[in-house]
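# Fold and geometry: a report
The lines below spell out each chain.
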Amino acid sequence: MRYYHIMIAGVGGQGNLLLSRIIGDAALSKGLRVRLGETFGAAQRGGSVHSHVRIGKEVYGPLMLEDEADALLALEPLEGLRRGVQYLKEGGLAILNTRKVSSIDVNVGVAEYPSIEEIIESFRKLKARIVYHDFTKIAEEIGSPRLMNVVVLGVFAGIAERELPFTLEDLKTAIRGRVPQRWVELNLRAFDVGYEFSKNYIMK
Amino acid sequence: MVVHIVGLDKPGSRFLLQGNEAVARGALEGGVQVATGYPGTPSSEVIETLAEIAKDHGIYVEWSVNEKVAFDVAVGAASVGARALVTAKNAGVNWYMDMFATVVYGGLPGGLVVYAADDPGAFYSSTEQDTRPLARSVGVLILEPADQQESKEMVRLGFDYSEKFELPVFVRSVTRISHSTGDVTFGEIRRERNKVFFNRHYGLPFRYNVYGPYKYGGEVGPSAKHAWQLERLDSIKEFVEEVPLNWVEEGNVDVGVVASGIGYSYVKDALARLDSGVKLWIFKVGTPYPLPTKKLSKFLSNLREVLVVEEGDPLVEEQVRALSKDCCPEVKVLGRGSGTIRSFGELGLAQVLRAVSNLVGSKYYEPSDERRKVKAEVRKIIAPRSSMMCAGCPHLGTYWVLRFALHKTVNKYRDRFKGAWIVNGDIGCYEMGGYGLFAKEIEPSKEKVTKRVSFDNPYEILDTNYIMGGGIGVAQGQYHAGYSEGPIVAVAGDSTFFHACMPALLNATYNKAAITFLVLDNSWTAMTGHQPAPTTGVTATGSPSRVYKIEEIAKALGVDDVWVADPYDLKSAEESLLKAIDKTVNENKTTLVIFRRECALQVVRRLTREGKVITHYVVDTGRCVGCRLCVQLGCPAIGWDKNAKKAFIDPTLCVSCTLCAQVCPVKAIKPSTEEVVGVKGV
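If you're wondering where the values come from, they're calculated on a predicted model, not measured in any experiment. (Residues numbered from 1 in each chain as written. Chains lettered and ligands numbered in written order. Predicted model: local features only at pLDDT ≥ 70, side-chain atom pairs only at ≥ 80, totals over all residues.)

Moving on to the overall build of chain A. Tallying secondary structure elements over chain A gives 8 helices and 6 strands in all. Listing the helices and strands of chain A from first to last along the sequence gives β-α-β-β-β-α-β-α-α-β-α-α-α-α. Considering chain A as a whole, with its 204 residues, one finds that 63% of them fall into the buried category. Taking as baseline every contact in chain A between residues at least 6 positions apart, the subset at least 24 positions apart corresponds to 67%. (Helix = DSSP H or I, 4+ residues; strand = E, 2+ residues; numbered from the N terminus. Buried ≥ 20, exposed ≤ 12 C-beta atoms within 10 Å, placed from the backbone. Contact = placed C-beta atoms within 7 Å.)

Here the focus is the interface of chain B and chain A. Taken together, the contact between chain B and chain A spans 54 residues of the former and 49 residues of the latter. Broken down by secondary-structure element, the contributors of at least two residues to the side of chain B that touches chain A are β1 (14-18), β8 (180-185), α9 (262-273), α12 (348-360), α13 (369-379) and β24 (638-641) of chain B. Broken down by element, the side of chain B that touches chain A gets its largest block of residues, 6 residues, from α9 of chain B. Here the residues of the side of chain B that touches chain A sort into 31 nonpolar, 12 polar and 11 charged. (Nonpolar A, V, L, I, M, F, W, Y, C, P; charged D, E, K, R; others polar.)

Moving on, we get to the sheet that holds strand β22 (residues 591-596) of chain B. Residues and elements named next belong to chain B. An order of β16-β17-β18-β22-β21 is seen for the 5 strands of this open sheet, with the pairing classed as parallel. Two strands bound the open sheet, and with one partner strand each, they are β16 (422-424) and β21 (561-565). The sheet shows a mean angle of 20° between the axes of neighbouring strands, taken without regard to direction. Summarising the sheet, strand β18 (residues 516-521) and β22 pair through 6 bridges and their orientation is parallel. Paired with Val519 across the strands is Ile594, a residue of β22. In the packing of helix α15 (residues 470-480) onto the sheet, contacts are made with β16, β17 (488-493) and β18, and the angle to β17 comes to roughly 170°. Strand contacts of helix α16 (residues 494-510): β17 and β18, with the helix running at about 135° to β17, the strand carrying the most contacts. (Pairing = 2+ DSSP bridges. Axes fitted to C-alpha atoms, helices over the stretch in contact; angles between N-to-C directions.)

To continue, consider the confidence of the model for chain B. Averaged over chain B, the pLDDT score is 96; the fraction of residues at 70 or greater is 100%. Mean pLDDT across the elements of chain B bottoms out in strand β9 (residues 215-216) of chain B (88) and peaks in strand β6 (residues 141-143) of chain B (99). (pLDDT = per-residue confidence, 0-100.)

All names here are of chain A. As a packed pair, helix α5 (residues 135-142) and helix α8 (residues 184-200) sit with axes 10 Å apart at the nearest point and diverge in direction by 135°. Taken together, the axis directions place α5 and α8 in an arrangement best described as oblique. Read as a crossing pair, α5 and α8 show a hand that is right-handed. Seen from α5, the contacting residues are Ile138, Ala139 and Ile142; seen from α8, they are Leu186, Arg189, Ala190, Val193 and Phe197. When its residues are assigned to classes, the contact of α5 with α8 shows 7 nonpolar, no polar and 1 charged. (Parallel < 35°, antiparallel > 145°, perpendicular 65-115°, else oblique. Left-handed = near helix turned anticlockwise from the far one by under 90°.)

To continue, consider the sheet that holds strand β14 (residues 305-309) of chain B. Residue and element names in this part refer to chain B. Reading across from one edge, β11-β13-β12-β14-β15 is the order of the 5 strands in this open sheet, with mixed pairing throughout. This sheet does not close on itself; its edge strands, each paired only once, are β11 (247-249) and β15 (332-334). On average, adjacent strands in this sheet sit at an angle of 20° to one another, irrespective of strand direction. As judged from the 5 bridges shared by strand β12 (residues 255-260) and strand β13 (residues 281-285), these two strands associate in the parallel manner. Bridge pairing in β13 places Ser260 opposite Val285. Here α9 sits on the sheet in contact with β12, β13 and β14, set at roughly 135° to β12.

Bringing α15 of chain B into the picture now. Residue and element names in this part refer to chain B. By the criterion of burial, α15 is predominantly enclosed, with 8 of the 11 residues buried. Here α15 has its buried residues at Gly470, Gly471, Ile472, Gly473, Val474, Ala475, Gln476 and Tyr479. Residue Gly482 follows α15 closely and has a positive phi angle near 100°.

As structure tokens, this is what we get:
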């Protein structure tokens, strides 16, 4: 494997950067090279954030190119589509959290937020394999909406298990290493719940 | 307490480090003794990281009030023989150029590494400025890393090189390295510390005094020191022929690439994607100035065509072109300067791939026309997401008050003012007041006449915005030029006030500029990630310090009329601001209103740490009349349900600042719980 690419898209405050580091640590433990390229705007919270995750034997810089993402972790639907249309390859895997975060452009009425149906339909047109659900709701049921990112990671790990260059255990070890002590148990639970979800999910 | 990875004594181990963390590690491996800087994305994490490990490793680390002071402090440390590091973002480099250009006249005995994080593409900056030409104009060695590993090595080596030539070494990174993360193999931490000493004539008479009567080549004073520096630069030019940071990778054709810094990583990434028997010659540049001209001439002599790949200005390209004219005029030199790669915006991998694939004569994936069409269709529904201030941000309250106070003032003085005020912005979170809405398209106006603009959100309130501390000076120029069709206002944050506004404010009172100045004091350097400021009460390494009151400083700077307002209390804050503007426009006074409230994010963090659960407000849809005033606050927690024509509040974002409840004319917004726990109070 030359490289494996994951694009993580969301808004500030959703734990985008934590996810990229967890995946990076798991890849590092397998002796692979890792590059994580992050771009976030000026906003601390609520702004558009996306991370390029590149792992493999031949990675140098932090950027992937158009249609080069093997997978897209969309923590927010509109941001997922914004990055997905640019980076997700044909046949690539999209894990889409359907919980919307509105924007000022939409709120003041100068833009319109597309419906979830339109977003899903768009991914289909782009020939993506798509798994979608309100993962924030699952996270809330586990104990906090902030666990949503790790639920999405668990879903991704379950669906992509056989194509990933690291194991579930590697990811869990990375979670233990990256999450503050008092949050570790809840995060591991979120990961497992996401993983279980994926095993029962029938892709349409 | 978690120990920061960067401080671990684990030579040979691999860790994921952000480029700036790698720089901090390089400083540790290079035995840094003093590290200074002013926060600026994408450079801040160097000092943040070093501050965390400062105590364990016996390093002095400070957030200075601005880059110029940071640079001077680092120079002082190196003047007594210590190893020093100074960090800044691209814009910050402009701040310290005076000392940078001067200290090279005589140099320093201690190693001084000057780290700059440029921002091509201007993700976090006012400009895409390349700082390498600045360092070149000063005449020092420039190192440019290709990735995080090299960031570490170059900073470590930078101290050695600096001491070898007794001149500062400039290490130039870019966002895609400094703010990206990569695997880095650790080396040994240098425990040895340079001896601290002071000897006025050490190695050079009057070493630390450019005016000292040092004689050289028939000159005396600065010119003689300049001659000394140029001699050193000649030795550096010899030295770069041998450093392990420049190397050649052999090819099998007569075309090649000269790649500097991140450009090298992009070239390698591009070649990894092109399955071709063609092997390009590659000259990897680690010292964009001075270039190893002998080595490079030899490289060029084998080639017919060479592509120069570098991020920023064509600094290497122009040197290669000049060199080729001497050594091998038949070589065609391509790059940003020749127009092969566009000269603005980020260099990026896509452009490099295109240029390299042309050289190799092999094509890489391009989306089919059909796929392009699908993408264009899909993009039509993707609504823009403009940058917003955070939920409950005190600046939302300040901008609300400012908008209405300006309206009321121009209405009150309708006979005098045409209604076009000017609000001069500055750099900090509140600069978002000038970001506008991405979804709006604005046509340029062709008339040289005063025009009033209208807007209904805080993201369009700023009329001008340039640099740190710029707004307060610009406002004075507008006044002295005779602008009189509306009040003239400037805004700045607390950290920015200390950074650059104090001399400008004294200038305003001394030269009698009738402007109203607003300081948005949230007790932190918030935008760059909440570094402490003189308003915070702690230093970079967490030791308690005094809390500086801006009102006291302002009075000392000659401002007679100062108000302190609470942006979470809209009514009384507006009264204060109206008084201030009134005083300015009627009595021609420089007035100041300090809007003081701690950054909401920091308050939320503290409450959460204390185990408190933040409560939220709700919209009573029975009462809501759909006037959208609350939406106009521009708070990300407030949404608009276009079907029901009612506002709603996102409970996960709301932090109970109470602003929307204050603006609601029908009292439809209320706390969701009897007991309110939020940023305004518990």
